[in-house]
4 protein chains.
Amino acid sequence: MTELAAVKAALKTQAVETPSWAYGNSGTRFKVFAQPGVPRDPFEKLDDAAKVHEFTGAAPTVALHIPWDRVEDYAALAAHAEKRGVRIGAINSNTFQDDDYRLGSICHPDAAVRRKAVDHLLECVDIMDATGSRDLKLWFADGTNYPGQDDIRSRQDRLAEGLAEVYERLGEGQRMLLEYKLFEPAFYTTDVPDWGTAYAHCLKLGEKAQVVVDTGHHAPGTNIEFIVATLLREGKLGGFDFNSRFYADDDLMVGAADPFQLFRIMYEVVRGGGFTSDVAFMLDQCHNIEAKIPAIIRSVMNVQEATAKALLVDGTALAEAQAAGDVLEANAVLMDAYNTDVRPLLREVREESGLDPEPMKAYRSCGWAEKVVAERIGGQQAGWGA
Amino acid sequence: MTELAAVKAALKTQAVETPSWAYGNSGTRFKVFAQPGVPRDPFEKLDDAAKVHEFTGAAPTVALHIPWDRVEDYAALAAHAEKRGVRIGAINSNTFQDDDYRLGSICHPDAAVRRKAVDHLLECVDIMDATGSRDLKLWFADGTNYPGQDDIRSRQDRLAEGLAEVYERLGEGQRMLLEYKLFEPAFYTTDVPDWGTAYAHCLKLGEKAQVVVDTGHHAPGTNIEFIVATLLREGKLGGFDFNSRFYADDDLMVGAADPFQLFRIMYEVVRGGGFTSDVAFMLDQCHNIEAKIPAIIRSVMNVQEATAKALLVDGTALAEAQAAGDVLEANAVLMDAYNTDVRPLLREVREESGLDPEPMKAYRSCGWAEKVVAERIGGQQAGWGA
Amino acid sequence: MTELAAVKAALKTQAVETPSWAYGNSGTRFKVFAQPGVPRDPFEKLDDAAKVHEFTGAAPTVALHIPWDRVEDYAALAAHAEKRGVRIGAINSNTFQDDDYRLGSICHPDAAVRRKAVDHLLECVDIMDATGSRDLKLWFADGTNYPGQDDIRSRQDRLAEGLAEVYERLGEGQRMLLEYKLFEPAFYTTDVPDWGTAYAHCLKLGEKAQVVVDTGHHAPGTNIEFIVATLLREGKLGGFDFNSRFYADDDLMVGAADPFQLFRIMYEVVRGGGFTSDVAFMLDQCHNIEAKIPAIIRSVMNVQEATAKALLVDGTALAEAQAAGDVLEANAVLMDAYNTDVRPLLREVREESGLDPEPMKAYRSCGWAEKVVAERIGGQQAGWGA
Amino acid sequence: MTELAAVKAALKTQAVETPSWAYGNSGTRFKVFAQPGVPRDPFEKLDDAAKVHEFTGAAPTVALHIPWDRVEDYAALAAHAEKRGVRIGAINSNTFQDDDYRLGSICHPDAAVRRKAVDHLLECVDIMDATGSRDLKLWFADGTNYPGQDDIRSRQDRLAEGLAEVYERLGEGQRMLLEYKLFEPAFYTTDVPDWGTAYAHCLKLGEKAQVVVDTGHHAPGTNIEFIVATLLREGKLGGFDFNSRFYADDDLMVGAADPFQLFRIMYEVVRGGGFTSDVAFMLDQCHNIEAKIPAIIRSVMNVQEATAKALLVDGTALAEAQAAGDVLEANAVLMDAYNTDVRPLLREVREESGLDPEPMKAYRSCGWAEKVVAERIGGQQAGWGA
C-alpha cells in the first residue's frame, strides 16, 4: 500500500461521536435562541444525528445525556438508532441541574446529596447496560464560588469515595471517562479543574478509569497537545470532547477558532498511537446561533481535515530534522503538512466510500432541514434542560 | 478637621448603587437555582434594596433594567422607592433577550433589527424622564461567534449611528454610560470589547457620553486601575459596575476575589478626583448560590472598606517616596493603608450616622428574610428573564 | 485584469520591513545563545538583510535601532544599504538600557532623566533626516513593578509632555509610530499598555502620530484583528510589529504560533484599505534558537502566505452571506480562502518577478551562511546590547 | 496554651529559606540594572542572607545555585554560613546557561548533552553531601519554541531516564524537589509545564521525589491553593518557591501582587498539615529595581503576615458554616482572619523572640547597606550569570 493509500485507509476508519444535546437548543446565561425544527425528544435527536452520519460517513455513534435523554425503554432507543444507521455512544451524567446540587453533587457537604448524585451515576451505568454503551462520561459542575465556602480537601475525599463506588459497578468492557474543567459554573474552585487531578483519581481507580480532554476546558496559554501526548504516554487518555474557543469554554465548532491547534492535537494523537486505540473522539459543542446539523457536519469535516494533515506529516523527515536539532527544518516538515489543502483528498476518500464528496452541499439539498421545520411543530423543543 | 475626621466625613458621603436584578434569581448557562423569598416584581425589588440602604446607609439608589423592570406607571415606581427611602438610579437597557437579537441589536446587519434596538434605547430615555434617572447605561451583547460571520468595521459604523441618535435624545443633565466587555455572550468579536473602543465612541458623541468600567470585563492580566486613572485623566469615567471575578465575568461579590485590586482601584478613584465627582459607583453582581440581600450588604461594605483604606493612604509620604524613587518605601506607604483593619473605623462611622455598626448582623436579626420567604408565595420570581 | 491577476499584482507590491536587531543575537533573561556568523556592526546587518530581500523580493527596507545601530556616518550607512539593494526603514529608539532608566525614561519621576530620554528621541529624528527614514518608532519600557511605586497619572502627564516635544520636531513626511505593550519589562503598570492609551495620545498629538500594533503585546484572549479594523477605521493604524506568541511576548516567527490569526489580521488590513495605504509591515522577532536569516526569510514568506489568502477571500460571496445573516456560509467563505494552499500561487508570483520560487532553498544553497561563519571571526557579535 | 499563644508559638517556628541569587543582580531580557554593594561571591551572599535572618529571625537557611555559587571548598562555605548564624539550604541546579543547552538539557535530543546535564545534577548531590543540604531542587528550562521542533513524548522518556539516575544517587534523608513551569524560556512546550507532569514523574521515582510549587509558574486563572491542597493530600508537596506576579513569572516580592492569594495558599498549607511537615518555604525572587536585602526582609515578613492570618482562621466556626452550607458565613469566617491587621501580633512575636519588632527599620538603621556599598568595590558583582 502506498503511503497515500494508507492515509486514505486510515481516514476511512475515522469515527467522530456526536452529542445528542448539540441537536437541541443551547445558549448562554443571557439567552437561548430557539431554532425551528429542533428535535423534541431523543428519538428525533437520533434522526438528526443519523443525517450527519449519512453524509459524512464518519459519525456512527451518538452520545446521550441523562436525564435530558431519559426514555422509558432504552432498548427501543438503541434499536431506533440502529435502524437509522447509528449506535448509542457514551452516556453522559448530569448532576448539576437539580436544586439539590446548588453546592455540588458528588462533593456536596451533605451526604444525602452525595448519595443522590452517586445513585444517578449508577443509573447511568444501568443505561449503559441497556444500550450497549461502552463509556460513562463524567463531568462534574462541582466546586465553590467563594474562598472558605467549603473545604477543598474534604471535597476531594468525597469525590474519591463516590467515584470508587461507581467504578466498582462498571461491567466488563465498560469504562469511566473523567473530564476536567478549569472553571464554570463554579468560579473559585472546581473539584476536577485540570488533567492532573483527573489523572490522579483515575490512577487510583484502575485501568477502566481514563481521562477525557475537552479542548475548551483549559486556562489561557495551556498547551493541550502536550497533555494529549502525556496522557497517551501514561496510557490514560480515554477520549476527547472536541470544540473550540477563543476565550473560555465557548463550545464553538471544533477547528473554528484555532485550526492549527486542532492539527497539532491530532498530530500527537497519531504520533502517540491514539488514533488506532480506544481513544474516543467526541464532539461537545453548542450551536447557539448557527444551524445545528450543518454545524455538526462542518465539525466532523474539520476533525477529518486536521486528521488528514496529521497523517500526512512526513515522519521520517521530521525525525531526522529533530535528531539533527534543525529547528527550522523540523518545524517546516510539520508546517508542510498543515499548509496542504487536504480537501481534495477527503473528497476522494468520500467518493471511494460511496459518499457525496461535499457533505455540506449534499445535506443542504437533501430537504431534511425543511422537512423537520415543517413537521416538528408543537411539543417542547429539546434543550439543556430537557 | 483632623485627617481622620476628613476620612470619616468622606465615608459618610459614599453612595453605592445596587442593581434591581441582583435581588432576583440568576445563574449560569447550566442552571439557575431559585431562592425562596425572591422578589416577584420591581416594587418588591425596591423593598429589598431599601433594606440594604437601611442597614448600610450607603445604598441610596437602585438601578433598573428594562424590560425586566418594566411597569405601567414609572412615576408610581419612583414614588414607591422614595417612600422606602431610596431613589431610582441608572436605567439599564436590554437588547439581548429578544429572538430578533440573535445576531446583534444596534450592530445587527438588518436595519429593521437596529431600528428596534434604538427604539428600545429611546424608550429607556423616556423612562429616565419619568423616573428622574440621570444615567442611561448601555451594555451591548452584540458581537459575532465566528470569523467572517459579519463585518467588524460595518458593525462599528452601525454602532456609531445608533448611539448618535440616542445621544441626541438625551435631556439636560442626562448622561449616556457606555460599557465595554471583552467577551460573552459573543465569543469571536464583541462590538465594544475594551475601554479604548468605548472611549473612542464617547469622544465623538460628546461630553454627556462617558465610559463605564465593569471590573469583570477585562482580559486576564489587565491592570484595571490604570484604565481608571486614564479615564479620569481624560474626563471620561462615568462610573463602575462593581463585582469580582477569578476567571471571566464571574459577577461575584465585589472585593471577594481580589480585595487588594479593589483597594488599588479605589485609590486611583480618590487620587484622580473621582470620589467627589459624578462617577457612579454601581454594583453589577449575580448571587447564584448565596443569599442575595446579605450578599449585597456585604458588597457595599467591601466597597466601603476599600474606600476607607484608599482614603487612609498617606499622600504626602507617598509623593515623597515616589519623587525620591524609593520603590520599597512608596510601596510600603500604600501597603500600610491596605494592611490597616478599617472595620473599627467603619463601625464608628456607622454609629455616628445613627446606624447599627454591624449591618450584616442587624439585617440577619431584623426578620426581613423570614418575612419575605413567608409572604412571597406564588407568582413568578424575578430573574434575568423577568 | 482577472481577479487572480489582481491578487498576484498586489502580492508583487508587498513589502515587509526586517529589523536590524533580528540579525544579531537575542535570548531570554536566562541565556543568550550566540550563533556563529552573526553580524558585528550595522553594515553587516544590512548585508544580511539584503540577502533576505534578494531571495524574497519583499523585504526592501531595514529598521534600525538606536543606539545599537549607532554609526559615525549615517549617510554612509544609507549608501551601504542602497548599494546592497535595500533602504533604511523605521528608526527605533531605545530608552531602556541605560542605568538612568531603572525607573523609566520619558515618564521617569526625575526631570533630568526625562530630558535625557527626550534628547535621545530627538537624536533619532536627526538620524531620520540623515538616512531618509520616514518613521520614528517609539516603544517605551516605562512602567512600575509595584503598586504605589509611582503615580500613574503623573506619568501620563510626563509622557504627553515628552511626546509633544518630539512630535513638534518631526519634519515634513515624517511620522511618529507609538507602540503599546501589556507588560514586560515592567510588571505592575506599563505606561502605554494598550491600544486605547496609544490612540488617545496620538489623537492629541496630531495626524503624524499613529499607533503600532505589535502582535505579541496583548493580554490573552484579545482579538487583535478587531483592534486593526478599529484603528484603520479611525485612520490611526501606523503599522505592525509582526511576530507570534503562545503565551507572552515570545517574539517567535510571525505566523508560527497561530497562522489563522495572522490570516484574520491580514484580512482586516485588506478589508480596511490598509494594504494600499501607509501602514508599515515590520517584523520584530527574536530568533533565540534558530538560524536567523532563514528564520527571517520564513517570516516574510509567512506574511506573504497570509496576505495571499486574505486577498483570495471572495468579498462578494462574503458580503452576501453576512447580509443574509448566514453564519455558517459567511464563515465558510472566509475559511475557504484560509484552507487554500497558496504556496503554488506564490511560487508563480516569484517566478514572474524573476526570483527563485523557493526562497528558503535558494538561500540555503547560495553559500552565504557558510561565508559569514567563515569570515565574521573576531570582533563583538551584535546583540540587544550592541 | 491559649489559642493566641499557639499561634504565636507556631509563628516562632516559621522558617523561610532565602535564595543566594536574590542578593545578586537580576533583570529582564531588556536590561539588568546593577546595584551598588551587591555581593561578589557566595560568601558575601551568605553575609547578606545572615542579615535577613538577624532581623527577621525567620530566614535560617540559604539556597545555593550551582554553578553560580560554585566554590573550591563547600565545607568552608557551610562553615562560613554557620559562623554567620545561617545554614545551607536547597541546592539548585542550572542546566540552562551553557551553550550546549540551546535545545534543552536532560531532554536534549543528543545523548551527550543529556549526559552532561545528568552529570551536573549528580555534582549537585555531591555538594549536598558536602554542605549537609537536604534538598536537590530541579528546575529545567527544557522545552521547544516551535511546533515540530522536537518530539514531545521522546523528551518525556529522556526526562524520566535522567531523573531516575539522579534519584538513585540520593542519600539517606535527601530529597529531589521537582519544579514545574508553564513557559519561559521555552515558548511552545515546556517539558515539565504543570503540577500534573511533575507529580506523575515523582510518583514513579518514589517517596524522596516531591513537587515544588513556584507561585509564579502557572497559567492565568489557575487556582494555586487547590494545587497545594491536592499535593498535600497526595503527600507530594515538597515545598514552595515564593514570589508574586501580575502577568507571567514576574518574580516580584511574595505577597506584593496578590496578598489575598498568599493568605489562601498559607491557609491550605496550615489546613493540610504542611506547616508542621517537611514542606520547604523558599523564596525565589528577582529584585530588579528595588534594594535587595530590604526587599527580602519585606518578603519574609509578608509570608509571616499571611501565615499569621491563616493561623488565626477560626477552624471550628469555619467547619460549622461549611457543613451547614452557609456560603456567606463560611466566607466571612475566612475573611475575618484575612482582614485582621496582624502586624501588632508579629511585633509581639518578634519582641518575645528578642528581635526588634520592626525588621525593616532595624535593618535600615544598622548601617549594613552603607557598609557594603563602601566595601564591595571592584570585583565582579554576582548575577544570574555568576
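Residues numbered from 1 in each chain as written. Chains lettered and ligands numbered in written order. Predicted model: local features only at pLDDT ≥ 70, side-chain atom pairs only at ≥ 80, totals over all residues. Heavy atoms only, no water.

The name an unreviewed UniProt entry assigns to chain A is Sugar isomerase, from the organism Streptomyces coelicolor.

Engineer: Help me out: how do you make sense of the packing of helix α2 (residues 42-56) of chain B against helix α3 (residues 74-83) of chain B in this one?
Structural biologist: Residue and element names in this part refer to chain B. For the pair α2 and α3, interaxial distance at closest approach is 9 Å and the crossing angle is 20 degrees. Taken together, the axis directions place α2 and α3 in an arrangement best described as roughly parallel. For the crossing formed where α2 meets α3, the hand is right-handed. Packed against α2, whose contacting residues are P42, F43, L46 and D47, the element α3 presents A76, L77, H80 and A81 at the interface. Residue composition of the contact of α2 with α3, grouped by class: 6 nonpolar, 1 polar and 1 charged. (Axes fitted to C-alpha atoms, helices over the stretch in contact; angles between N-to-C directions. Helix = DSSP H or I, 4+ residues; strand = E, 2+ residues; numbered from the N terminus. Parallel < 35°, antiparallel > 145°, perpendicular 65-115°, else oblique. Left-handed = near helix turned anticlockwise from the far one by under 90°. Contact = heavy atoms within 4.5 Å. Nonpolar A, V, L, I, M, F, W, Y, C, P; charged D, E, K, R; others polar.)

Engineer: Explain the relation of the copies chain B and chain D to me, please; I cannot follow it from the model alone.
Structural biologist: Two copies of the chain are present, and they differ by a rotation about an axis and a shift along that axis. Of the transformation placing chain B onto chain D, the axial shift is 0.0 Å and the rotation is 180 degrees, giving an RMSD of 0.0 Å. Put plainly, the chains are arranged around a two-fold axis. Using C-alpha coordinates, one finds that chain B approaches the rotation axis most closely at B:D341, a distance of 2.7 Å. A shared interface surface links the copies, since 100% of the contact residues of chain B are contact residues in chain D too. (Least-squares fit on C-alpha atoms with pLDDT ≥ 70 in both.)

Engineer: Help me understand helix α10 (residues 315-323) of chain D, please; the structure alone is not making it clear to me.
Structural biologist: In an α-helix, one turn spans 3.6 residues; hence positions three or four apart end up facing the same way. All names here are of chain D. When we look at burial in α10, the residues that qualify are L318, A321 and Q322. Projected down its long axis, α10 shows its buried positions confined to an angular sector of 100 degrees, all on one face. Opposite the packed face of α10, turned more than 90 degrees from it, sit the exposed residues T316, E320 and A323. Each element contacted by the buried residues of α10 is listed here: α8 (259-271) and α11 (327-339). Note on α10: the residue one or two positions beyond its end, G325, has a positive phi of about 70 degrees. (Buried < 20%, exposed > 50% of the residue type's maximum accessible area, 1.4 Å probe, protein only. Arc of directions from axis to C-beta.)

Engineer: Just checking my understanding: could you explain the interface of chain B and chain D for this structure?
Structural biologist: By a widely used convention, the size of an interface equals the accessible area lost when the partners come together. Contact residues are listed per partner, giving 31 residues for chain B and 31 residues for chain D. Summing both sides of the interface, chain B and chain D together bury roughly 2,300 Å²; the carbon and sulfur share of this comes to 54%. On the chain B side of the interface with chain D, the three residues burying the most area are B:L328, B:N339 and B:R343, jointly 25% of the side's total. In this structure, the connection of chain B to chain D is made through 2 salt bridges. Across the pair D:D336 and B:R343 runs a salt bridge, and its minimum N-O distance is 2.7 Å. Elements supplying a minimum of two residues to the side of chain B that touches chain D: α8 (259-271), α9 (292-312) and α11 (327-339) of chain B. Here the side of chain B that touches chain D gets 8 residues from one element, more than from any other, and that element is α11(B). Of the residues in the side of chain B that touches chain D, the class split is 16 nonpolar, 4 polar and 11 charged. (Buried area = accessible area lost by both parts, 1.4 Å probe. Salt bridge = Lys/Arg side-chain N within 4 Å of Asp/Glu carboxyl O.)

Engineer: What is the right way to look at the sheet that holds strand β1 (residues 18-19) of chain A in this model?
Structural biologist: In sheet architecture, strand pairing relies on hydrogen bonds along the backbone and comes in two forms, parallel and antiparallel. Residue and element names in this part refer to chain A. Pairing within the open sheet is parallel, and its 8 strands lie in the order β1-β4-β5-β6-β8-β10-β11-β12. With one partner strand each, in any of the chains shown, β1 and β12 (280-283) form the two edges of the open sheet. Note that β1 and strand β4 (residues 61-65) share 2 bridges and pair parallel. Its bridge partner lying in β4, P19 is registered against A63. Strands β5 (87-92), β6 (135-138) and β8 (175-179) of the sheet are contacted by helix α4 (residues 111-131), whose axis makes an angle of about 150 degrees with β6. Its contacts with the sheet place helix α6 (residues 195-205) against β8 and β10 (209-214), and it is angled at close to 160 degrees to β10. (Pairing = 2+ DSSP bridges.)

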